[in-house]
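Residue-level structure breakdown
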Amino acid sequence: PDTVRLLSSSQVITSVVNVVKELMENSLDAGASSMTLDIENYGLDRIEVRDNGHGIKAEDTRVMAVTHFTSKICSHEDLERLETYGFRGEALGSICAVAEVSVITKTEEDDISTQYTLDFTGEIVSQKPSHLGQGTTVSVLKLFKNLPVRRQYYSSTKKCKEELKKMQDLLMAYAIIKPDLRLTLIHNKVVVWQKAKVADHRSALLATLGASAVANLLPCHHHQEQPEIVLDGFFPKPGADYSSTSSSNPDKTFIFVNNRPVHQKDVTKLLRQHYTAQYRDDPARNRYPTAMLKITVPPSSVDVNLTPDKTQVLLHNKEALLTALEVFLVSLYGYRPN
Ligand code: ADP
Ligand code: MG
C-alpha cells in the first residue's frame, strides 16, 4: 500500500510549483486576505505557506490530509457550482507521501494555535500548542525525498530557476485576480517580492507589472448571452508602443477562467495574432502582449479536471468563447484574419 500511495501521490504532486499552487489555493479557499510563500533552496528544502484564513476546525484536523477528505463539497451537485479552487481532497494527503509535512492552524474559536506533524499517510503523529495567530501555516520539508530521481531532476540549476520563475508567475496571477490579497514571497530568508492590498484589477496590474506595462492597457468588457460568456480584461491599446513590455513568452498574458489562472493556448494564440497584426511589417514585434483576460462562464460549463494541477480546463462552449473573443479583438485592433 505504501508503494501505491507513493505512486498515486507522485502523479498528483508532479513539481515544486505544483505544491506551491495547491497550498496557496487552500489559503485562498480559506478566505485569506494575506498570504506568505516562504521557501528555501527553491522550495526543495522547505516550502511554507502562511495565511490568515479561517483555519482548520479541530474536528477536521484528524482527516485533513486523508486522501479525498475535503471540507469544500458535500454532493455531486456542488461540483456544478464550484467556487473554490480545491474540491478533490487530494493535495495535502499527496504532499504527505512525498515530503515531511506539518500544519499549524487556529480558527476564530480556538484560544491558541496547534501544530500537527503528519506522517507519510497523512495521519497526525504528534501535536503541540503553538503561538501563531488565526490562520494556517503548512510546512513542506524535503520535497521528493523518497523520489530521488525527481528530486535530482528539480535540483539542477536550470530547473530550480524555472520553478522559481513559475512560482513568481503564479503569485503574479493571483495578485492580479485577487486585488485585495496581500502577498509576500521569501526565498532563502530574503523578501524577493511583495504586493500590498489594492482596490481593483488595474491597481493590481500596476503593482505586479509596473507602470510602464500598465500605461498602455485599455480596460475592456464584453457580455454575451446564449451561451453566457463575460469577458473582462486589459489589453494593449492599439497603436501604442509597448515593445518594451510585450514578450517572446506568453508569461505576461494572464488568463483566468472563473478566477482560476489557466493556460489556454488557443486563447493566448488568438490574442497574440490580433495584437501583432498591427505590426505586420515588423517581425521583431511578433510578440505576446502584456494582457489580462478574465473569462467568466457558468460553473457547469467548465471541467477543471483535465489535468491534476487544474491549469488546463475544458470549456463546454469553447468555440463560442473563441468567437466572442475574436469579435471583441476585431473591434479593438481592426484585424480580420481570412
Ligand atoms: P481540497 O482543497 O481539495 O479540499 P486539500 O487536500 O488541498 O483538499 O485540503 C484538504 C482540506 O484541508 C481542505 O478541504 C480544508 O478543509 C483543509 N485545509 C487545507 N489547507 C487549509 C488552509 N490553508 N486553511 C484552511 N483549511 C485548509
Ligand atoms: Mg486544496
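Everything numeric in this text was worked out from a predicted model, so none of it was measured.

1. Describing the sheet that holds strand E9 (residues 217–224)
Taken in spatial order, the five strands of this open sheet run E9-E10-E13-E11-E12, and their pairing is mixed. Only two strands of the sheet have a single neighbouring strand rather than two, namely E9 and strand E12 (260–261). In the sheet, strand E11 (residues 253–257) pairs with E12 via two bridges, with the strands oriented antiparallel. Bridge assignment links Phe256 to a residue of E12, and that residue is Pro261. Contacting strand E10 (229–236), E11 and strand E13 (291–296), helix H9 (residues 265–276) runs over the sheet at an angle of about 135° to E11.

2. Focus on the domain arrangement of the protein chain
Entries for the protein chain in the domain assignment read domain 1 (2–195) and domain 2 (210–333). Relative placement of domain 1 and domain 2: their C-alpha centres are 29 Å apart. Counting residues at the interface gives 14 residues for domain 1, matched by eleven residues for domain 2. Tallying contributions element by element places helix H6 (residues 157–177) first for the side of domain 1 that touches domain 2, with six residues.

3. Quick look at the site of ligand 1
Every one of the 24 residues lining ligand 1 counts as a neighbour, but Asn26, Ala30, Thr70, Ser71 and Gly86 are closest to it. Those elements that place two or more of their residues in the shell around ligand 1 are helix H2 (16–29) and helix H4 (91–98). The greatest single-element share of the shell around ligand 1, amounting to four residues, is contributed by H2. Broken down by class, the residue content of the shell around ligand 1 amounts to seven nonpolar, ten polar and seven charged.

4. A look at H9
With twelve residues, H9 ought to run about 16 Å at 1.5 Å a step, and its terminal C-alpha atoms sit 16 Å apart, in line with that. Among the residues of H9, Val267, Leu271, His274 and Tyr275 are the ones counted as buried. Within H9, the buried residues cover an arc of 100° as seen down the axis, which keeps them to one side. Pointing more than 90 degrees away from the buried face of H9 are the exposed residues Lys265 and Asp266. In the core, the buried residues of H9 are packed alongside E10, E11, E13 and helix H10 (318–333).

5. Some words on unusual backbone geometry
With glycine set apart, most residues show a phi of negative sign, and most peptide bonds adopt trans. That bond from Gln226 to Pro227 is cis: its omega, -10°, falls within 30 degrees of zero. Position of Pro227 relative to the elements: it lies in the loop between E9 and E10. Residue Asn258 is not a glycine yet carries a positive backbone phi of 45°. You can call Asn258 partly exposed: it has 17 C-beta atoms within 10 Å.

6. With respect to the pairing of E9
Pairing of E9 with E10, which is carried by eight bridges, proceeds in the antiparallel orientation. Residue pairing for E10: Gln224 is matched across the bridge by Ile229. As consecutive antiparallel partners, E9 and E10 are separated by four residues, and within that stretch Gln226 has a phi angle of approximately 55°, a positive value.

7. Side note on the nonpolar core
A general tendency of soluble globular proteins is for nonpolar side chains to be buried together. Membership of the largest hydrophobic core comes to 78 residues, with the highest contact counts inside it found for Val19, Val20, Ile95, Leu143 and Ala175. Lining this core are residues from two domains, each supplying at least three of them: domain 1 (2–195) and domain 2 (210–333). If sequence neighbours within four positions are ignored, Ile95 has contacts with Ile13, Val19, Val101 and Val140.

What counts, and at which threshold
- Residues numbered from 1 in each chain as written.
- Chains lettered and ligands numbered in written order.
- Predicted model: local features only at pLDDT ≥ 70, side-chain atom pairs only at ≥ 80, totals over all residues.
- Pairing = 2+ DSSP bridges.
- Helix = DSSP H or I, 4+ residues; strand = E, 2+ residues; numbered from the N terminus.
- Contact = placed C-beta atoms within 7 Å.
- Axes fitted to C-alpha atoms, helices over the stretch in contact; angles between N-to-C directions.
- Domains from an automatic or database assignment.
- Near = placed C-beta within 6 Å.
- Nonpolar A, V, L, I, M, F, W, Y, C, P; charged D, E, K, R; others polar.
- Expected span 1.5 Å × (residues − 1).
- Buried ≥ 20, exposed ≤ 12 C-beta atoms within 10 Å, placed from the backbone.
- Arc of directions from axis to C-beta.
- Core = buried A, V, L, I, M, F, W, Y, C linked by C-beta atoms within 7 Å.

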